[in-house]
Amino acid sequence: MTAREDARVNASPELTDAPEPEESVPMMSPSLDVKRTTPMDKEEIKRAFLDNLFYVQGKFPVLATQHDYYMALAHVIRDLLLHRWVSSASVYTAEKARTVCYLSAEFLMGPHLGNNLLNLGMGEQIRQALAELGLSLDELMQEEAEPGLGNGGLGRLAACYLDSLATLEIPTLGYGIRYEFGIFEQEIADGWQLERTDKWLRYGNPWDIARPEWAVEVKLGGHTEHYRDAKGEPRVRWKPEQTVVGIPYDTPIAGYRNNTANTLRLWRAEAPESFDVAVFNRGDYYGAVEQKVKSENLTKVLYPNDEQVKGKQLRLEQQYFFVSCSLQDMLRIMRVQHIPLERFHEKFAIQLNDTHPAIAIAELMRLLVDEHGMPWQQAWAITRRSFAYTNHTLLPEALERWPIGIFASLLPRHMEIIYEINAGFLEEVRSRFNGDHDRVGRLSLIDEGGERYVRMAHLACVGSYAINGVAQLHSELLKSDVLRDFYELWPEKFQNKTNGVTPRRWLALSNPSLAGFITANIGEGWVTDLDKLKELERRADDAVFGAKWREIKRLNKHQYAMYLRHKTGVGVDPESLFDVQVKRIHEYKRQHLNILNVIRMYLELKANPNLDIQPRTFLFGGKAAPGYRMAKLIIKLINAVGSVVNRDKSLRNQLKVVFVPNYNVSNGQRIYPVAELSEQISTAGKEASGTGNMKFQMNGALTIGTLDGANVEMLEEVGAENFFLFGHTVDDIQRLQREGYRPFETFERNGILREVFSLLQSGFFAKGDAELFRPLVENLLYSDPFFVLADFQSYADCQDEVGRVYQDAGRWTRMSILNVARSGKFSSDRAIDEYCRDIWNVKPVKTNLLKQHRIMHRSIQ
Ligand code: KVN
C-alpha cells in the first residue's frame, strides 16, 4: 500500500467534509488554474499593487521609495501564493498525507521574489504591469535583502530540496531557525575581509507570516526527578531551570507551475510571559528583562563556521530549541488530524540534515515516554523508524561532539536517555561481536578517550533507519572510514544520494538568455525534467548553434564586466577566459593552489614579455569563518596578487585577478552565467560532494577538477574528453600519507615552485613585508595538510592545457554544449525523486486550487 492509500484508509469520519475537488480545472494545464483564480491581467495586478502600496505600506507614488514598491510587489505575490498555500494545506490535512519533515539548522534560501515569479509563471505580466507604472522589475528585485540563513553548500542544498519537493508535489515541512542575523556580510578593505552584521529583517520580511497561535514551550537546564505514577510505573519529570517560547514563522514554498505551496517553518525564540508575572511579584524589573534578553539571544545569530564546529553551548541550545519546537509541532499535527501516536513514523519521514538536528532522536523519545507515557521499547521502535540521517562531511573538525558537562547541564533528561539508548545498543554490539571490547568503545555514543563527549553522528546512526552520503565517492568513504563500524553492524542502512541543485533558480532564473535559447531549441520540458537537455547533444557540432551559444556567454560576460567595474573598480577584458572559483574559503578547497598558479603565470609572462598566452580573468569569491586565520590570509593573498597583477601594464591585460566581495546566493546567480572555467580543486577525499560544480556545469562552464566529491560523477557523465582532470586520487593521497609526505622535498625538486615561493617570501606582494604571508608559506612547506604542493605541477600543466583548448573556440564551444547537455543527473529533482523512493517512501499529493469563497466559508465554520 502506498503512503497515500494508507492515509485514505485511515481517514476518520470527521474529516469527510473535506473540500471536494469539484471546482478544480483539469491538472493537465495547471497554468489555467492560476488564470481562473488569481488576478492575472495587467489591470488587476496594477490595482492590487497600488492598493497594497497605499493600505499596507502607507505610501503613495510621490513619497514611495524603490523599497516601498518592492514591498508592495512582494505582498501582491505573497497574496497569490496564499491561495495555493491554503489549498495545499487543505488537501494534505484531508488526506492526512504522509509528510517529509526536513530538519536543518540552515536554509540558504536566497531572494524569494524572482524565484516566486518564475515558479508562478508571472514574470512577464508583472514586468509589463510595472513598466506601465514607470517601474522596473529588475530594479525592484535588487531591493530584496536575501535571507542568508546558512553558511554554504549544506544550507543551500536544503533550499534546492524544498524547491524540488514542492515541484514534485510532495507534502513537506522544512523546519529550522529564524536567525535574526544571518551569515555576515563581507567587505574587503586593504585586501582583508571585514565582517558586517546581516540585518536582513531591518525593513521587515514580506515573505513570512508569524503563527503565534502555534507557539510551543521549550525547557532548558535544571534537573530530573524519578518517581512512580498512579499505576506504580517508574516515570521521570524534568524540572527545567528555564523555559523559552518558540514562535513559528511560515514561508510558502511554491512548486514550479503547479498548485503546490509547501511550508518552510522557522522558529524564533521569545521569553515566556511568565517573566512579566515574575517582575510583578518580585519587583525585580531589571532581572526579568535580563532573562528576556537571554531567551531572545537564542535565535539571534547564525554561527558563521562552515565545516568547523566548536562545542559552544549556545549552538547546542539553538539545535535543541528548533528540534524540540519542530517535534512538538509534528505532535500537534497528529492531534488535529486525529492520528494515534503509534503511527508517528507512518505520518512523518524526518530527514536530519547532518547531525545538527540529531538531538531530535533523544527528544522524540522524551516526548513519547515522559510526556505521553509510552513504554520505552515501543517509543524506541517508532523513533528508529522515523529518522534518516544525511552525512555531509568527513572532516574531523566538522564532526559534532558535545562535552558531557555542557550537555548534561543543558539537557539533563536527554543525557539520561542517551545513556539508556547507549546501554541497549552496546549490549546488542557485545552479543553480535562476542564482547569485542575495542569495537564497543569505537561504537559507543560516548567518547571516553580523555574528556568525555557525546558523539552526535553515532546517535544519528543508531536512531535512524537510513544513512546516506552526498556523492558516490563520499558514501563509499563513509562506509570504509568514518562510519566503518556502523557499516559492519548495519550495512542495509547505508545508501548514496548524490546531491543536486534546482535548475529553476540556477539556470532558468539566473541565466535567462541561455535558458531561453535552450527552450527555443528543445522546448521548455527541461525545466522540470533536466535529462531532456540531452537533446542538445545533436547540436554540439552545429556551427550556427555553436556561434549563438558563444554569443550568449559573451554578452553575459560583457554585462558582468561593467557590473564588476562598478562594484570593485577593476576593469577586466570581457573577451578573456573567465576562470571562476566561488565557495567558502577553506584550506581543503585550496584557493591557495589556484593563486599559486596565478603567480606562476605572472612569473612566466614577466620572464617572456613577448609571450602570447590565452588572456584570463581569475575571479574569486567566498567568505572565511571570522576566526579562521589561514582562510583570511588566503583572501589577503588573492587581493595582494590582484593589486600587483592588475596594475602591471607590461602584462598587456593578459592577466586579471579579482576578488568579488560578499559571495552569496544573489552574487552566485550573477557569476555562474559568465563562468567559462569552474575551479573544483579540493584535495581528493575532502569535498563530500560540492554543489557549485553542478551550477557551473548547467551554465556551460567546463570544469578543472580533482577526482573528489561529485566531480567524479560529473566526469563520468560528460566523458573525460570534456573535463580537465588533474591531481592525486584518494588512494594516492592515502598512500602519500602512509609513506610520510614531505612537502619540502616536493618544493626543492620543483624549480617553478621555488620561484613562486621566493617571490612570495620576498614581500613582493606585501609592499616589502616579508613576514605577512609567512604563516601560509611555512604551513605549505613544512606541513601542507591538504597536499597543495603535491598537486601543484599537475594543476599547472592542466591549466596550460585549458588555455590551449580555449584558443580553439569551436572545440571549446562543443565541450561547453556537451557539458550542459549532460548535466541532467545533477538536478535536485533527480535527487529528491531518489530520496522519496529509497528513503522516505512518500508519494505526490496533487493540490487543486480551492475557490476563494469556499476557503472563506470553511474558515468561518
Ligand atoms: C558542517 C558544519 N558541508 C557542512 C557543514 C556546519 C556547517 C556546514 O555540504 C554540501 C556538500 C559539501 C560539504 C557541505 O562540504 O561538499 O556539497 C552539501 O551536501 N557543510 N558539512 N558539509
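Residues numbered from 1 in each chain as written. Predicted model: local features only at pLDDT ≥ 70, side-chain atom pairs only at ≥ 80, totals over all residues. Heavy atoms only, no water.

(A) Highlighting the sheet that holds strand E15 (residues 401-403). Ordered in space as E15-E17-E16, the 3 strands form an open sheet in which the pairing is antiparallel. A strand with exactly one partner marks an edge of an open sheet, and here the two such strands are E15 and strand E16 (446-447). In this structure, E16 lies alongside strand E17 (residues 453-455), joined through 2 bridges in antiparallel fashion. Looking at E17, one finds that Ile 446 is bridged to Val 454. Against the sheet, helix H18 (residues 456-463) contacts E15 and E17, and its axis sits at roughly 40 degrees relative to E17. (Pairing = 2+ DSSP bridges. Helix = DSSP H or I, 4+ residues; strand = E, 2+ residues; numbered from the N terminus. Contact = heavy atoms within 4.5 Å. Axes fitted to C-alpha atoms, helices over the stretch in contact; angles between N-to-C directions.)

(B) Local environment of the domain arrangement of the protein chain. Looking at the assigned domains, one finds that the protein chain contains domain 1 (1-95 + 111-145 + 845-861), domain 2 (96-109 + 146-399 + 456-502 + 833-844) and domain 3 (503-826). If you look at the interface, domain 1 gives 6 residues, while domain 3 gives 8 residues. The largest share of the area that domain 1 buries against domain 3 comes from Pro 111, Asn 115 and Leu 118, three residues that together contribute 74% of it. Our count for the contact surface shared by domain 1 and domain 3 stands at 0 salt bridges. In this assembly, domain 1 and domain 3 are joined by 2 residue pairs in polar contact (both at pLDDT 80 or more). (Domains from an automatic or database assignment. Buried area = accessible area lost by both parts, 1.4 Å probe. Salt bridge = Lys/Arg side-chain N within 4 Å of Asp/Glu carboxyl O. Polar contact = N/O pair within 3.5 Å; in protein donor to acceptor, adjacent residues only side chain to side chain.)

(C) The confidence of the model for the protein chain, seen in detail. Chain-level statistics for the protein chain give a pLDDT mean of 94 and a share of 93% at 70 or above. Every residue in residues 1-37 scores below 50 in pLDDT, and together they form 62 contacts with partners more than four places removed in sequence or on other chains. (pLDDT = per-residue confidence, 0-100.)

(D) Region of the structure containing the site of the ligand. Taken together, 19 residues are adjacent to the ligand, and Glu 307, His 392, Asn 499, Glu 687 and Gly 690 come closest. Ala 688 has a polar backbone atom sitting 3.3 Å from an oxygen atom of the ligand. In this structure, Gly 690 approaches the ligand through a main-chain N or O atom, which is 2.8 Å from an oxygen atom. When the ligand sits alone it has 480 Å² of accessible area, and the protein chains cover 98% of it. (Near = heavy atom within 4 Å. Areas by Shrake-Rupley, 256 points an atom, 1.4 Å probe, with all protein chains shown as cover.)

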